[in-house]
Each structure stands twice: as C-alpha cells, then as structure tokens.
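So the chains spell out like this:
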Amino acid sequence: MKKFSEFRVGDVFHSTCSISEKELEEYLNFSRIRNAFLEDKQSGEQIVSGRAILSRMEGEFTRLSQIYGNHIIFLGTDGDPEWKNRNTRFLKPLYTDQVLKLKFTISQTEDMDDEFGKIVVDYEGTDNEGETIVLSKRNIYRIKKEPPR
C-alpha cells in the first residue's frame, strides 16, 4: 500500500475485470435503474449500464494493492475543462462477461490539511482488442496521509 506522500502525478495502475449477467442484474435491482434497453435480451448479448461500469471501476481501484488498506473515500468528480466540464465518455458498449482492462492514472495530488490529502484519478477501460470502452477523468478521492497500522 502506498502512502499519500508516495503518490506522484503520472503514476499508473492496472487491473482487469468483467461483469457477469448475475452481477449486472443484482446491480440493476439494487440501484433500481429501469431502462427498457438494458432489459432487452433478445439479441443474445446483454449490454452493461454505464453506471455499473463506473461502479465496478471505482471498486477495482480501491482493491488495488497500492490503494487497499488506506482510509480513502470517493468525493466525486470534477468536469474536465477540455471536455466542457464533463468527466466521463462511453465510446463503445460493454457486454456482460466481456473483459475490461483498466488503467488508473494519478492526474493530481493535493494537501487538504494535516490529516488528509486529495488524489485525482483518471480511469480508462479497454476491451481485449485495445479499443476504448470508457474514459473517466478527474475522479476525486480523500485519503488519510498516514494509513492505519
């Protein structure tokens, strides 16, 4: 696990995941999302909702060996000025059980006070062919400077 003082702008971390049909169903039930498009399984492939993708990416970030064990909390997102203050783009659909390769890049670090710092993380998810599925910039986390022992 890295301490706040060890994070540098440009640090990159990787993970891989997929979302099963059962996991998607559980997420949609929990979140109470109702969308006929997401419920249409006639094509034989089930598309994964964008919110489910972002939720899984955030979860995978907190499970990284460099992150897990820290007192860290997701504060939200800031829009990217280059994207007219938006932060997430879905460029291609993701289907259940499709592998999503994740790249997390530290894009900013900042002291908040004596006890906490802030890290800003950009997410990128690609498929097995290297085609970008999702980009999400400026995901903000508050992290305790000295992790628990």
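Everything below is about the structure shown above.
This one's a predicted model, so the numbers in the text were calculated from it and none came from an experiment.

Participant: Explain the overall build of the chain to me, please; I cannot follow it from the model alone.
Facilitator: In terms of regular secondary structure, the chain is built from three helices and six strands. Listing every helix and strand of the chain by position from the N terminus yields β-α-α-α-β-β-β-β-β. The C-alpha atoms of the chain give a radius of gyration of 16 Å, which matches the 15 Å a tight globule of 149 residues would have. For the chain, the spread of C-alpha atoms along the principal axes amounts to about 55 × 35 × 30 Å. Counting only residues that meet the buried cut, the chain has 39% of its 149 residues in that class. When contacts within the chain are restricted to residue pairs at least 6 apart in sequence, those whose partners lie at least 24 apart make up 71%. If you sum the accessible surface of the chain, you get close to 8,900 Å²; carbon and sulfur atoms cover 45% of it. Side-chain charges of the chain comprise 23 positive and 26 negative groups, with the mean position of each set lying 3 Å from the other.

Participant: Just to check I follow, could you spell out the nonpolar core for this structure?
Facilitator: Soluble globular proteins tend to bury their nonpolar side chains together. With 28 residues, the main nonpolar core has Met57, Phe61, Leu100, Phe104, Ile119 and Val121 as its most contacted residues. When contributions to this core are tallied by element, the ones reaching two or more residues are strand S1 (12–17), helix H1 (21–31), helix H3 (50–63), strand S4 (100–111), strand S5 (116–126) and strand S6 (132–144). A per-element tally of this core places H3 first, with five residues.

Participant: Explain the pattern of salt bridges to me, please; I cannot follow it from the model alone.
Facilitator: Close approach of charged atoms lets side chains of opposite charge pair. Following the criterion strictly, the structure yields 10 salt bridges and no others. Between Arg138 and Asp78 there is a salt bridge, with the nearest N and O atoms lying 3.4 Å from each other. Of this pair, Arg138 sits in strand S6 while Asp78 sits in the loop between strand S2 (72–77) and strand S3 (88–90); the two residues are 60 residues apart in sequence, bridging distant segments of the chain. Given the relative accessible area of 19%, Arg138 is considered buried.

Participant: What am I meant to see in the pairing of S5 here?
Facilitator: The two faces of a sheet get side chains in turn, since along a regular strand they alternate between them. Most of S5 sits out of view: 10 of its 11 residues are buried. Here 10 bridges tie S4 to S5, and the two strands are oriented antiparallel to one another. Looking across to S5, one finds that Lys103 is bridged to Glu124. Between S4 and S5, which pair antiparallel and follow one another directly, the connecting turn spans four residues. Across 10 bridges, S5 lies against S6 in antiparallel orientation.

Participant: Sorry, what's going on with the side chain of Ser136 here?
Facilitator: Within the fold, Ser136 resides in strand S6. When its relative accessible area of 1% is taken as the criterion, Ser136 is described as buried. Within the local environment of Ser136, its side chain forms a polar contact with the side chain of Thr88, the two groups lying 2.9 Å apart.

Participant: Would you mind showing me how to read the packing of aromatic side chains here?
Facilitator: For any two aromatic rings, the description comes down to two numbers: the centre-to-centre distance and the angle of the planes. Under the definition given, this model contains six aromatic pairs. Centre to centre, the rings of Phe61 and Phe104 are 5.3 Å apart; their planes meet at 55°, and the pair counts as tilted. Taken together, the positions of Phe61 in helix H3 and Phe104 in strand S4 put the pair 43 residues apart, joining distant regions of the chain. Of the two residues, Phe61 and Phe104, neither departs from the other in class, the shared state being buried. Connected via pairs of aromatic rings, a cluster forms that spans Phe61, Phe74, Phe104, Tyr123 and Tyr141. Above the ring of Phe7, the side-chain terminus of Lys2 is found at 5.6 Å from the ring centroid. Looking at Arg142, its charged tip hangs above the ring of Phe116, at a distance of 3.8 Å from the centre.

Participant: What's the story with the packing of H1 against H3 in this structure? I'm lost.
Facilitator: Two packed helices can be described by the angle between their axes and the distance between those axes. Two elements in contact, H1 and H3, have axes whose closest approach is 10 Å; the angle formed by their N-to-C orientations is 105°. As the angle between them shows, H1 and H3 are arranged roughly perpendicular. When H1 is examined against H3, the residues Glu23, Leu24 and Tyr27 are found in contact with a partner set consisting of Arg51, Ala52, Ser55 and Arg56. When the residues that make up the contact of H1 with H3 are grouped by side-chain class, the tally is three nonpolar, one polar and three charged.

What counts and how
Residues numbered from 1 in each chain as written. Predicted model: local features only at pLDDT ≥ 70, side-chain atom pairs only at ≥ 80, totals over all residues. Heavy atoms only, no water. Helix = DSSP H or I, 4+ residues; strand = E, 2+ residues; numbered from the N terminus. Rg over C-alpha atoms; globule rule 2.2 N^0.38 Å. Buried < 20%, exposed > 50% of the residue type's maximum accessible area, 1.4 Å probe, protein only. Contact = heavy atoms within 4.5 Å. Areas by Shrake-Rupley, 256 points an atom, 1.4 Å probe, with all protein chains shown as cover. Lys, Arg positive; Asp, Glu negative; His and termini not counted. Charge placed at Lys NZ, Arg CZ, Asp CG, Glu CD. Core = buried A, V, L, I, M, F, W, Y, C linked by side-chain atoms within 4.5 Å. Salt bridge = Lys/Arg side-chain N within 4 Å of Asp/Glu carboxyl O. Pairing = 2+ DSSP bridges. Polar contact = N/O pair within 3.5 Å; in protein donor to acceptor, adjacent residues only side chain to side chain. Phe/Tyr/Trp six-rings, centres within 6.5 Å; stacked < 30°, edge-to-face > 60°. Lys NZ or Arg CZ within 6 Å of the ring centre and 35° of its normal. Axes fitted to C-alpha atoms, helices over the stretch in contact; angles between N-to-C directions. Parallel < 35°, antiparallel > 145°, perpendicular 65-115°, else oblique. Nonpolar A, V, L, I, M, F, W, Y, C, P; charged D, E, K, R; others polar.

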